[in-house]
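Summary of the model geometry
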Amino acid sequence: MSNVLLKVEHLKQYFKLDRKSKVKAVDDVSFDIYEGETFGLVGESGSGKTTIGRSIIRLYDITGGNVTFEGKQASGKLKKEERASIARNMQMIFQDPMACLNPRMNIRDIVAEGIDIHKLAKTKEERDEMVYAILAKVGLAREHAGRYPHEFSGGQRQRIGIARALITNPKLVICDEPISALDVSIQSQVVNLLKKLQKELGLTYLFIAHDLSMVRYISDRIAVMHKGKIVELADAEELYNNPLHPYTRSLMSAIPTPDPKSEKQRARFAYDPSQHDYTTDEPKMREIRPKHFIYCNEKEFQAYQTEIA
Amino acid sequence: MKETVLSVKNLTVSFKTHGGMVQAVRDVSFDLYQGETLAIVGESGSGKSVTSKSIMGLLSPNAVIEKGEILYNGTNLLKLSENDFSKYRGADIAMVFQDPMTSLNPVMTIGDQISESLINNLKYTKEQAKARSLELISLVGIDSPEKRFKQYPHQFSGGMRQRIVIAIALSCNPKILICDEPTTALDVTTQAQILELIKDLQQHFGVSVIFITHDLGVVANMSDRVGVMYAGKIVEIGTVEDVYYDPRHPYTWGLLASIPAFQAKGVELYAIPGAPPQMINPPKGDAFSLRSDWSMKVDFVHQPPMFKISETHSAATWLLHPNAPKVDRPAQLQERINVLMRMHEGGKNE
């Protein structure tokens, strides 16, 4: 088993709406991400998947819980050097590449921002060489360095977003819906690029998406989120072949597949949260099979066990 | 048996821009049959939305209709004045847009917005319009219509808003409903509900649907026939079975092969190389030839005509010319089709 790169324990992220009420965007979530793997996080909008990514990378101050990165504390109050080290080793790729690139900066300066902040290059030449090298890695040419974001197509912009994230040589890259805004024929180019870079640079991905078929293809393990909680976590194939939690089942039954004949008779299950009775018997994450976790109480756990037996 | 309700013939639409004329739709022809769902798939910029906006008469002022006609009940819609067009729009042909928040008026109650078209198009009185609106609200699956009637769009969730938009679209019993990416902004489970609703209502109202999307899974679920658009042209059209189990155009191959749904782990995803062409200067010949692994010399010189494969299926690629060499589909795609065919023949559908 490879090493745990990121450990998230009892992460809570609440947002205050007004003096009285708050939203529990992420409510007591724990998981580990191993070095070199792709960890998929799926759920509907509002499930808290994006919030998890942002809490990990310290865009929000977390309400409770603990994040450890490479065995070191990565949440809460940290020293300046510790913060810089996390900023260098954890990077993020966003959904809309146009919104994350400054329209008034050329590509060279956008990509080199990480170099400048962390003072990774001693001379201007060294800085340029680093930029050209990373552009070549993501499939762009060095001529592109002098251009501005509006001169690129959506797929190319996402490549710039990837180059910008990889320039500091990070260990963990949080991909927040990196392909949702792209056209079908461009999506697979970007996914193949992410896979290639992972192999070459030994990257670890936290891949956040709502497109389940893509998540299945790219991820080693998948966590399904619903209303701020992880309801099921397993290896990608295990989750797809043996989904147990009723929410996971409902989500999977809703994915349209490109096969007209089976599509015409696909039955969809609806998920009704009121089917759980958690008044006396408290639910928690339980391991039902090796590495397959499910959020349930004792009674449900036994029911699931008879189901898979 | 099949009655044509709408016929688009050689539609060609360009847009005036500073850089020159953008040829958004180039010589598109298709028929829409009574009661069917025709899907139009393509990437952004392929001309699918421009085609639907031409049918609705909603093109922006810099659009130029270079040629072609859109026949509805013997009338060429493209020749109508704005005044005459408004008699058809909403009443005979209605449209559902992608983003329900932008197609609803935020400062008008839902009730007023549904009643509006009934009062304007069908000359209902206010009371009649209210009664019908309440009926429509419950028809699209929203509870307590009386209460909802008085609410504003921001009090509804995304899926609920899209239901309201559908209720408005269907309020005047249109013959044709155009859905332009109606579920793209929605979650998968909400998407599934909305698709089911559209299918149910289609049965109920007997309306013919043009369904525009880029999601091939949704197409498989919704439609009877599908037209694949690329660079302003329909490159392949047929029943969903034709196009999914026997695709003939290299672009359709690429689209289908790049879906990860049945893709084994570790195998690289099939990706169409390059990016769609600039439509100010569309390539000579077959617009897809630059990105295709199957291009022949003729593809770079002459545009391929539509070759008929069967009564229902045609595609525009020189590969279908009798003199063209026989080529195979991408191995990954052929493998997947074989698996699906075997599965369906075996009688198991899971």
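That block above? That's the structure.
Please read all numbers here as calculations on a predicted model, not as lab measurements. (Residues numbered from 1 in each chain as written. Chains lettered and ligands numbered in written order. Predicted model: local features only at pLDDT ≥ 70, side-chain atom pairs only at ≥ 80, totals over all residues.)

Section: the overall build of chain A
Each helix and strand counted, chain A has 12 helices and 12 strands in total. Relative to the compact-globule value of 19 Å for 309 residues, chain A shows a C-alpha radius of gyration of 21 Å, a close match. Reported as C-alpha extents along the three principal axes, the dimensions of chain A are approximately 65 × 55 × 45 Å. When each of the 309 residues of chain A is scored for burial, the buried share is 42%. Of the contacts formed within chain A by residues at least 6 apart in sequence, a portion of 64% connects residues at least 24 apart. (Helix = DSSP H or I, 4+ residues; strand = E, 2+ residues; numbered from the N terminus. Rg over C-alpha atoms; globule rule 2.2 N^0.38 Å. Buried ≥ 20, exposed ≤ 12 C-beta atoms within 10 Å, placed from the backbone. Contact = placed C-beta atoms within 7 Å.)

Here we look at the interface of chain B and chain A
Each partner contributes residues to the interface: chain B has 34 residues there, and chain A has 29 residues. Elements that contribute at least two residues to the side of chain B that touches chain A include exactly helix H8 (188–205), helix H9 (216–222), helix H10 (240–245), helix H11 (250–257) and helix H12 (331–345) of chain B. For the side of chain B that touches chain A, the leading source of residues is H9(B), giving five residues. Residue composition of the side of chain B that touches chain A, grouped by class: 18 nonpolar, 10 polar and six charged. (Nonpolar A, V, L, I, M, F, W, Y, C, P; charged D, E, K, R; others polar.)

Considering the sheet that holds strand S5 (residues 75–76) of chain B
Residues and elements named next belong to chain B. Read from one edge of the open sheet, four strands run S2-S1-S4-S5, paired in antiparallel fashion. Since the sheet does not close on itself, it has two edges, and those belong to strand S2 (20–33) and S5, each with one partner. In the sheet, strand S4 (residues 63–72) pairs with S5 via two bridges, with the strands oriented antiparallel. Bridging across to S5, Tyr72 finds its partner in Thr75. (Pairing = 2+ DSSP bridges.)

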